[in-house]
Amino acid sequence: MEIETSRFGALTIPEEHILLFNAGLIGFNQHTRYALLGDERGIGYQWLQSLDDGNLAFVVVQPGLIKADYHIEIQDDALHEIEFQEGDEVVVLSIVTVPPNEPEKATANLQGPLVINSSRARGKQIILNESFPIRYALIPEKQDVAHGAETPSQATVNS
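All values derive from a computational prediction rather than experimental measurement. (Residues numbered from 1 in each chain as written. Predicted model: local features only at pLDDT ≥ 70, side-chain atom pairs only at ≥ 80, totals over all residues. Heavy atoms only, no water.)

*Asks:* How would you explain the overall build of the protein if you had to name every residue and give the values?
*Replies:* A count of helical and extended segments in the protein gives 1 helix and 13 strands. What you see in the protein, going N to C, is helices and strands ordered as β-β-β-β-β-β-β-α-β-β-β-β-β-β. Burial statistics for the protein: of 159 residues in total, 40% are counted as buried. The long-range share in the protein, meaning contacts at least 24 apart out of those at least 6 apart in sequence, stands at 56%. For the protein, the computed accessible surface area is about 9,200 Å², with 48% contributed by carbon and sulfur atoms. (Helix = DSSP H or I, 4+ residues; strand = E, 2+ residues; numbered from the N terminus. Buried < 20%, exposed > 50% of the residue type's maximum accessible area, 1.4 Å probe, protein only. Contact = heavy atoms within 4.5 Å. Areas by Shrake-Rupley, 256 points an atom, 1.4 Å probe, with all protein chains shown as cover.)

Put into structure tokens, the structure is as follows:
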């Protein structure tokens, strides 16, 4: 598939790399096809580019990279929607918000993570019952540099 994007110009996305979010994302229900664009610098941030609208893209990050104790349980209904089967690889991502001209105030949504079945290219945004913040500061005022730098997100498959 070919798409013209506002951030990356023309992109060719192989069909097997198209992520399908049947219900879309919260506030963007009509956008169901996305591509995850890798981070060439290796700092953990990626882009989730809509393939339905070349102007729509989200910065995403694995929440465990910014909050070491982030752990969620994925419920059966979400697993069904992403077509999970034993042995599939599931990735959890959080959408990052960067206020205009204030990157130091960037936050990640830990309450509504994206759950992606990489093996089947299916995703779903879920809302957690746990009390995680919607706006978790990426650069806390007093950040403990020794913690959370290399820990991947953890998810428990409820089956």
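*Asks:* Report on the side chain of aspartate 88, specifying residues and quantitative values.
*Replies:* On the secondary structure map, aspartate 88 appears in the loop between α1 (76-81) and β8 (90-97). Relative accessible area serves as the criterion here: at 13%, aspartate 88 is assigned to the buried category. Polar contacts involving the side chain of aspartate 88 include one to the main-chain amide nitrogen of glutamine 85, which spans 2.9 Å. One polar contact links aspartate 88 to asparagine 117, side chain to side chain, over a distance of 2.9 Å. Those residues in contact with aspartate 88 that sit more than four places away from it in its chain are Glu83, Asn117, Ser119 and Arg120. (Polar contact = N/O pair within 3.5 Å; in protein donor to acceptor, adjacent residues only side chain to side chain.)

*Asks:* Explain the pairing of β8 residue by residue, including any values.
*Replies:* The buried fraction of β8 is high, at 6 of 8 residues. Sheet topology places strand β6 (residues 57-61) next to β8; 3 bridges connect them, and they run antiparallel. Bridge assignment links valine 61 to a residue of β8, and that residue is serine 94. Looking at chain direction, β8 and strand β10 (residues 114-117) are connected through 4 bridges and run antiparallel. Following the sheet pairing, valine 90 is matched in β10 by asparagine 117. Of the pairings in the sheet, the one linking β8 to strand β9 (residues 107-108) comprises 2 bridges and is antiparallel in character. (Pairing = 2+ DSSP bridges.)

*Asks:* Describe the nonpolar core, and please don't skip the residues or the numbers.
*Replies:* Counting residues in each nonpolar core, the largest one holds 19 residues, and the members touching the most others are Tyr70, Ile72 and Val96. Excluding residues that lie within four positions of it along the chain, valine 96 makes contacts with Tyr45, Val59, Val60, Val61, Ala106, Thr107, Ala108 and Leu138. In terms of nonpolar packing, the next biggest core, distinct from the first, is built from 14 residues, Leu19, Leu25, Leu93 and Ala121 among them. (Core = buried A, V, L, I, M, F, W, Y, C linked by side-chain atoms within 4.5 Å.)

*Asks:* Any chance you could break down the side chain of glutamine 49 for me, citing the residues and the numbers?
*Replies:* Relative to the elements of secondary structure, glutamine 49 occurs in strand β5 (residues 45-50). Within the local environment of glutamine 49, its side chain forms a polar contact with the backbone oxygen of glycine 54, the two atoms lying 3.4 Å apart. Discounting chain neighbours no more than four positions away, the residues touching glutamine 49 are Thr5, Phe8, Leu11, Arg33, Tyr34, Ala35, Leu37, Gly54, Leu56 and Ala57.

*Asks:* Mind laying out the pattern of salt bridges, listing which residues take part and the relevant values?
*Replies:* Summed over all chains, the structure comprises 6 salt bridges. Arginine 33 is the salt-bridge partner of aspartate 52, the closest N and O atoms lying 2.8 Å from each other. With a gap of 19 residues between them, aspartate 52 in the loop between β5 and β6 and arginine 33 in strand β4 (residues 33-37) connect regions that are remote in the sequence. Relative accessible area serves as the criterion here: at 33%, aspartate 52 is assigned to the partly exposed category. Arginine 120 is the salt-bridge partner of aspartate 88, the closest N and O atoms lying 2.8 Å from each other. Here arginine 120 lies in the loop between β10 and β11 (122-125) and aspartate 88 lies in the loop between α1 and β8, a separation of 32 residues in the sequence. With relative accessibility at 29%, the residue arginine 120 sits in the partly exposed group. (Salt bridge = Lys/Arg side-chain N within 4 Å of Asp/Glu carboxyl O.)

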